[in-house]
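Listed here are the chains, written in short residue letters.
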Amino acid sequence: MSGFVLTKDQRDLKRLAAEFGKQVMLPAAKEYDLLGETPLEIYKQAVEIGFASVTLPAEYGGLGLDMTTQCLLTEELSRWEAGITNALGASSLASKPIMIAGSPAQKQYAVDMIQSGHLAAFGLTEPDAGSDAAALKTTAVRRDGGYVLNGRKCFITNAPYASFFVIFAKTQKNIGTHGITAFLVEADRPGVSVGRHEDKMGLRLSAAADVILENVFVPEENRLGEEGKGFVIAMKTLDASRAEVAAAAVGIAQSALDQSVEYTKNRICFGKPISKLQAVQFMLADMEIQTQAARSLVYHAAELIDNGLPYGLMCAAAKCMAGDTAMKVTTDAVQIFSGYGYMRDYPIEKLMRDAKLFQIFEGTNQIQRVVVSGALLR
Ligand SMILES: Cc1cc2nc3c(=O)[nH]c(=O)nc-3n(C[C@H](O)[C@H](O)[C@H](O)COP(=O)(O)OP(=O)(O)OC[C@H]3O[C@@H](n4cnc5c(N)ncnc54)[C@H](O)[C@@H]3O)c2cc1C
């Protein structure tokens, strides 16, 4: 992509994603939204097409493409169904710390697992450590050529289905972030269990649950990078993944806008379509302006990543803007659909529920503002 002109490969990928989204993901949305479960067959179909492989390194068998292409794919899939897209995104999120700090064997393991349809999960948050992730209490104590992990992670996306986790734990107490280390933990290790499947407001086609670690032994070769480097690995992971999350939020906003435009042409009030009312036209205009502005930030952030330039501030700005925009635009879409928008028979209220999470996870939008202002004032 140069500016906003897509390459032929990117256009082809977007078209493929749109076909898959419309024909496969969207028809499952209502049923699985009610169930609050991930349609694993559809997830696996997406993996088979290559949708989980975009940024996995080519040297390990991935497609080795750039973040811009990943964002284009994520935005398009999310336009049709953001929950399944989020399940794919959570596996991608779990792969990132491994690609940042893992050994060649760990990288090959992650790529092989993800590309064969296994789900993965990123385990940082704990009941008393959300925004303040460094306050985590999970411990990893050295024993017999490895570590014994104890603790509880919460709200972990993909946890009920994941085959492996990346877990952040304290190897040393009382030295703050320098005491945190990252581990690759296979789900079938003795002592690993998953809690109650959370009954979420939105993004219900991706599942979240606690991950409980009770005397879980992992060998030394499961440590990711050096001891004490876990917090840096987690922050690097989140810095980059925010562009992808922001792209998903833009996809939701676009979907709400597209559906609103069509609805206004057909809904008759006072003898004419509501699209003839300037008050409604201006709402649509604002929705378009806000969605395009959020999209600009997303692809600017992705471009910085792809060119090896500092991207922390722009990714935080993009995630904040796109999350807030998705919330605003979907709320306006419900307003345009009004009574019908409020009913579950129409697909609009789901978009509003889905959008809300984008102001909360991968760092709340308050925390993104902390990141942006911190970068400005440093
Ligand atoms: C559905 C879902 C899926 C998730 N998936 C994952 C996952 O896969 N892996 C994972 O590790 N985590 C995951 N999370 C956790 C998510 O990242 C946290 O919920 C988020 O970071 C906020 O933490 P908290 O919920 O504990 O809120 P808190 O940290 O308790 O924050 C409460 C409020 O205080 C505000 N606040 C806190 N500190 C500050 C500050 N310094 N300045 C300004 N405002 C502040 C927050 O913005 C928020 O409004 C998920 C969460 C949800 C809801």
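Residues numbered from 1 in each chain as written. Predicted model: local features only at pLDDT ≥ 70, side-chain atom pairs only at ≥ 80, totals over all residues.

Draft legend 1. Structural detail: the nonpolar core. One finds Phe183, Ala243, Ala249, Val298, Ala318 and Ala322 to be the most contacted residues of the largest nonpolar core, which totals 112 residues. The element that contributes the greatest number of residues to this core is helix H6 (residues 230-266), accounting for 17 residues. With residues near it in sequence (within four places) discarded, Ala318 still touches Arg242, Ala243, Ala246, Leu297, Val298 and Ala301. (Core = buried A, V, L, I, M, F, W, Y, C linked by C-beta atoms within 7 Å. Buried ≥ 20, exposed ≤ 12 C-beta atoms within 10 Å, placed from the backbone. Helix = DSSP H or I, 4+ residues; strand = E, 2+ residues; numbered from the N terminus. Contact = placed C-beta atoms within 7 Å.)

Draft legend 2. Structural view of the domain arrangement of the protein chain. Per the domain assignment, the segments making up the protein chain are domain 1 (8-119), domain 2 (121-228) and domain 3 (232-377). Between domain 2 and domain 3, the residue contacts involve 10 residues of the former and eight residues of the latter. Among the residues forming the side of domain 2 that touches domain 3, the class breakdown is seven nonpolar, three polar and no charged. (Domains from an automatic or database assignment. Nonpolar A, V, L, I, M, F, W, Y, C, P; charged D, E, K, R; others polar.)

Draft legend 3. Structural view of the packing of helix H1 (residues 8-35) against helix H2 (residues 40-49). Following both chains from N to C, one finds H1 and H2 inclined at 170 degrees, their axes separated by 11 Å at the closest point. The pairing of H1 with H2 is recorded here as roughly antiparallel in orientation. Residue-level inspection shows Leu16, Phe20, Val24, Met25 and Ala28 of H1 in contact with H2, the latter providing Ile42, Gln45, Ala46 and Ile49. Taken together, the residues of the contact of H1 with H2 break down into eight nonpolar, one polar and no charged. (Axes fitted to C-alpha atoms, helices over the stretch in contact; angles between N-to-C directions. Parallel < 35°, antiparallel > 145°, perpendicular 65-115°, else oblique.)

Draft legend 4. Structural context of the packing of helix H8 (residues 312-342) against helix H10 (residues 365-377). Contact geometry for H8 and H10: axes closest at 9 Å, N-to-C directions at 145 degrees. Both H8 and H10 take part in a crossing whose hand is left-handed. Across from Gly312, Leu313, Ala316, Ala317, Lys319, Cys320, Gly323 and Asp324 in H8, the residues of H10 making contact are Asn365, Gln368, Arg369, Val371, Val372 and Ala375. For the contact of H8 with H10, the class distribution of residues is seven nonpolar, four polar and three charged. (Left-handed = near helix turned anticlockwise from the far one by under 90°.)

Draft legend 5. How the structure looks around helix H7 (residues 278-306). When the terminal C-alpha atoms of H7 are compared, their 41 Å separation across 29 residues agrees well with the 42 Å that a helix rising 1.5 Å per residue should span. Next to the buried residues of H7 lie helix H3 (67-80), H6 and H8. (Expected span 1.5 Å × (residues − 1).)

Draft legend 6. Structural detail: the site of the ligand. Among the 22 residues in the neighbourhood of the ligand, the closest are listed as Thr125, Gly130, Ser131, Thr364 and Gln366. When the residues that make up the shell around the ligand are grouped by side-chain class, the tally is 12 nonpolar, eight polar and two charged. When residues of the shell around the ligand are sorted by domain, at least three fall in each of domain 2 (121-228) and domain 3 (232-377). (Near = placed C-beta within 6 Å.)

Draft legend 7. Inspection of the environment of Val211 at higher detail. With respect to the element layout, Val211 can be found in strand S7 (residues 208-219). Val211 has contacts with Gly123, Lys153, Ile156, Ala159, Phe165 and Val194, leaving out every residue within four places of it along the chain.

Draft legend 8. Layout of the environment of Thr181. Take Thr181: it is sitting in strand S5 (residues 180-186). Separated by 49 residues in sequence, Thr181 and Gly230 place their C-alpha atoms 3.9 Å apart. When residues no more than four places from it in sequence are discounted, the contact partners of Thr181 are Ala140, Ala169, Thr171, Arg223, Glu227, Gly228, Lys229 and Gly230.

Draft legend 9. Focus on unusual backbone geometry. Positioned with a positive phi, Asn158 is a non-glycine residue whose angle comes to about 80 degrees. Assignment of secondary structure puts Asn158 in the loop between strand S3 (146-157) and strand S4 (162-170). Accessibility expressed as a C-beta count within 10 Å gives 27 for Asn158, which makes it buried. Phi is positive for Ser338, close to 50 degrees, though the residue is something other than glycine. Checked against the element boundaries, Ser338 lands in helix H8.

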